[in-house]
Amino acid sequence: MSIRCVPLGAGQDVGRSCLILTIGNKNIMLDCGMHMGFSDNRRFPDFSYLSKTGNFNAVLDCIIISHFHLDHCGALPYFTEICGYDGPIYMTTPTRAIAPILLDDMRKVVTERKGDTSFFTSQEIRACLAKVIPVTLHETVQVDSELSIKPYYAGHVLGAAMFHIKVRDLSVVYTGDYNMTPDRHLGAAWIDACEPDLLITETTYATTTRASKRTRELDFLQQVHECVLNGGKVLIPVFALGRAQELCILIDSYWAQTGLKAPIYFSAGLTERANQYYKLFLGWTNEKIKTSFNGSDTHQSHNMFDFKHIKPFDRTYADEPGPMVLFASPGMLHAGQSLDVFKKWCGDPKNMIILPGYCVPGTVGAKVLAGEKVIDVDKVTKVNVNLQVKNLSFSAHADSKGILQLIGMCRPRNVMLVHGEARKMAVLKERIHNETGIPCYDPANGTSITLDCPEYVHAIMSEDALDRATASATNSKTPLRKQQPKKKKHFHPSVPIPTSLPFSGVVTQRKLAQSKT
């Protein structure tokens, strides 16, 4: 039996995550995202790869969505309601609750402000999410008699999950996006030593080893402080849920300690909405957040998201004189309020933009980070960029150290890299091979990898029979079972049977209870 995987998106690229995984005769779509760098048909994966006739139900056994970010779920309503897929879709309960909000926000930007009539509707978003089957952490879901999936905590954002996918004796772990470092409101990703045949991991920060969280926080606060003291305005583009809450907790606490008077604003409505979901899905947060909501600690018996210094933003505030700090979505400046405010503030050198996360190539955010001084923000608008630009990484993605940590944690037999830049992925690929000896692959979009995996024969044998068989086949006086080391990093507790024996595969040894009769 073999494992085959082809990226329709996120192959040597960030954005439009969509992988087609085949294990034996089972086909699973891993994420169904859109690309923020395109506004034409390239924003969605090329689904014709799956079926030229559009009969996707006959091809796919299920879809798995790792989390609610649009580069992982943004094409899902298009695929279900326009392309016609009607099979099982799995995601966690928080992802199912939050995804429609982000999808509808994007729909409004694309259709109401950009005039695109080919996008999906709000009714189609609701119809799509109604098809979803929610899953909970560490719950094994039997998709059919052979295919099962199990989600694990991924950190990154509320509800994000890695998935362990099994078909008979073969298995694959798909990480989606994950973070191996706990932060102010979420815990670190975790998975057990499940030893999959293939680990498919994101590599957004494939060659980066980030400074300590404390160092990055101090740098962020210092940059904001200096800008507002000099009378400037600070724009911080963020996505509605995730880094936004992380940085708001940080800056609200700093304002309370320092007594700074410059106003801090957040896109109207998003703070209240976020607060609601963090209360609803409290079990997905870290212990400090749980304690603050429950009030069990007298020193922290308040809502961590009840910000004292952060107020809702009105569009008219952008034209007011004087310093201010604004958290506005979306995070890549590809549309919405963050882009509108950027166009107003970007010409003043006293002002500052802090980009705390990754920006997909082609977005205005990526052009700003590249140092472009004249930027076409749309087909008719060109702006001169004179404000201060800072890229302070608070992105909730694993860095190179975290990726290697996850590899050591789940102990895969093969690794496939996705969701990263080609040049950086090549560097990490070589590093993984050199440091672990594990075969590593980094296919481009439309390019497949195929792993031929051994079949397994499950048999129950007595210890004596197994010892005699293996000792005879290897001409050794010491049975293979007793030759195996007790502890080894990548040791698998199955006994490999030499090809000279009259069967192939692996015999799994089990100690039988002695009969009492």
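Per chain, the residues get numbers from 1 upward, laid out in the order the sequence is written. Side-chain atom pairs in this predicted model are given and counted only at pLDDT of 80 or more, local residue features only at pLDDT of at least 70, and totals for whole chains, interfaces and linings cover all residues. The basis for every side-chain value is the complete set of non-hydrogen atoms in the structure, without hydrogens or water.

Draft legend 1. Here's a closer look at the pairing of strand β5 (residues 89-92). Buried residues are those whose accessible area, probed at 1.4 Å on protein chains only, stays under 20% of the maximum for their type, while exposed residues exceed 50% and partly exposed ones sit between those limits. In this description a helix means any DSSP run of H or I spanning at least four residues, a strand means any run of E spanning at least two, and both kinds are numbered starting from the N terminus. The alternating pattern of β5 places I89 and M91 and Y90 and T92 on opposite faces, both of which are buried. Across 2 bridges, the pairing between strand β4 (residues 62-64) and β5 is parallel. Paired with I64 across the bridge in β5 is Y90. Only strands that DSSP links by at least two bridges are regarded as paired with each other.

Draft legend 2. View of the pattern of salt bridges. What makes a salt bridge here is a side-chain nitrogen of Lys or Arg within 4 Å of a carboxyl oxygen of Asp or Glu, nothing more. Summed over all chains, the structure comprises 16 salt bridges. A salt bridge links D144 to K26, with the shortest nitrogen-to-oxygen separation between them at 2.8 Å. One end of the pair, D144, is in the loop between β7 (141-142) and β8 (147-153); the other, K26, is in strand β3 (residues 26-30), with 118 residues separating them in the sequence. Relative accessible area serves as the criterion here: at 11%, K26 is assigned to the buried category. As a salt-bridge pair, K382 and D376 come within 3.9 Å of each other at their nearest N and O atoms. A relative accessible area of 43% places D376 in the partly exposed class. One network of salt bridges, in which partners are shared, links D104, R107 and K108.

Draft legend 3. Inspection of the nonpolar core at higher detail. Formed by 133 residues in total, the largest nonpolar core has its most connected members in F220 and F342. Residue contributions to this core peak at 8 residues, all from helix α6 (residues 243-258). Pairs of residues are marked as contacts when any of their non-hydrogen atoms sit within 4.5 Å. When neighbours within four sequence positions are excluded, F220 is seen to be in contact with I236, L247, L250, I251, I354, L392 and F394. Formed by 29 residues, the second largest nonpolar core is a distinct cluster that contains V141, L147, I149 and A161. Here, nonpolar core means buried Ala, Val, Leu, Ile, Met, Phe, Trp, Tyr and Cys residues that are tied together by side-chain atoms lying within 4.5 Å of each other.

Draft legend 4. Layout of the packing of aromatic side chains. Working definition: rings of Phe, Tyr and Trp (its six-membered ring) pair if their centres are within 6.5 Å, and the pair is stacked with planes under 30 degrees apart, edge-to-face with planes over 60 apart, and tilted otherwise. Overall, the coordinates contain 16 aromatic pairs when judged by the stated rule. With a centroid separation of 4.3 Å and 35 degrees between ring planes, the pair formed by F119 and F120 is classed as tilted. The class of F120 is buried, set by a relative accessible area of 1%. Relative to F281, the ring of Y277 lies with its centre 6.3 Å away and its plane at 0 degrees, an arrangement referred to as stacked. F281 carries the same exposure label as Y277, and that label is buried. Pairwise contacts between aromatic rings join F44, F47, F56, Y78, F79, Y85, F119 and F120 into one cluster. The criterion for a charge sitting over a ring is simple: Lys NZ or Arg CZ within 6 Å of the ring centre, and within 35 degrees of the ring normal. We note R43 situated over the ring of F44; from NZ or CZ to the ring centre the distance is 5.6 Å. The ring of Y205 is capped by R210, whose NZ or CZ atom sits 5.1 Å from the centre of that ring.

Draft legend 5. The arrangement of the sheet that holds β5 in detail. Taken together, the 7 strands give an open sheet; going across it, the order is β6-β5-β4-β3-β2-β1-β22, and neighbouring strands pair in mixed fashion. Two strands bound the open sheet, and with one partner strand each, they are β6 (132-135) and β22 (449-452). Adjacent strand axes in the sheet meet at a mean angle of 25 degrees when their direction is disregarded. The pairing of strand β1 (residues 2-9) with β22 spans 4 bridges and is antiparallel. Bridge assignment links R4 to a residue of β22, and that residue is T450. Note on geometry: axes are C-alpha line fits, over the in-contact stretch for helices, and angles between N-to-C directions span 0 to 180 degrees.

Draft legend 6. Seen up close, the sheet that holds strand β15 (residues 324-328). Across the sheet, which stays open at both edges, the 6 strands sit in the order β14-β13-β15-β12-β16-β19 with parallel pairing between neighbours. Sheet topology places β14 (310-313) and β19 (388-390) at the edges, where each strand pairs with a single neighbour. Taken over all neighbouring pairs, the strand axes of this sheet differ in orientation by 25 degrees on average, direction set aside. Bridge count between strand β16 (residues 352-354) and β19: 3 bridges; the pairing is parallel.

Draft legend 7. Here's a closer look at the environment of T140. Looking at the secondary structure, you find T140 in the loop between β6 and β7. A sequence separation of 10 residues divides T140 from K150, and the C-alpha atoms of the two residues are 4.6 Å apart. Contacts of T140, omitting those with residues within four sequence positions, involve S148, I149 and K150.

Draft legend 8. Quick look at unusual backbone geometry. In this structure, P330 follows S329 across a cis peptide bond, with omega equal to 0 degrees. Topologically, P330 is positioned in the loop between β15 and α9 (336-345). Positioned with a positive phi, A10 is a non-glycine residue whose angle comes to about 75 degrees. One non-glycine residue, R16, adopts positive backbone phi at about 60 degrees. Mapping R16 onto the fold places it in the loop between β1 and β2 (18-23).

Draft legend 9. Up close: helix α12 (residues 422-436). Between its first and last C-alpha atoms α12 spans 21 Å; for 15 residues at 1.5 Å apiece the expected length is 21 Å, and the two agree. M425, L428 and I432 are the residues of α12 that are buried. Along the long axis of α12, the arc covered by the buried residues comes to 65 degrees, so they all point the same way. More than 90 degrees from the buried face of α12, the exposed residues found are R423, E430 and N434. Buried residues along α12 sit in contact with α11 (400-410), β20 (415-418) and β21 (440-441). Between the first and last residue of a helix there are one fewer steps than residues, each counted as 1.5 Å, and that sum is the expected span. To obtain the arc, one takes the directions from the helix axis to the C-beta atoms.

Draft legend 10. Region of the structure containing the packing of α11 against α12. α12 packs onto α11 with a crossing angle of 45 degrees between their chain directions and a minimal axis gap of 12 Å. Judged on the interaxial angle alone, α12 and α11 are oblique. α11 and α12 meet at a crossing whose hand is right-handed. Facing α11, whose interface residues are S400, I403, L404 and I407, α12 presents L428, R431, I432 and E435. For classification purposes, an angle smaller than 35 degrees is called roughly parallel, one larger than 145 roughly antiparallel, one from 65 to 115 roughly perpendicular, and anything else oblique. Two helices cross in a left-handed way if the nearer one is turned anticlockwise from the farther one by less than a right angle. They cross in a right-handed way if the turn is clockwise.

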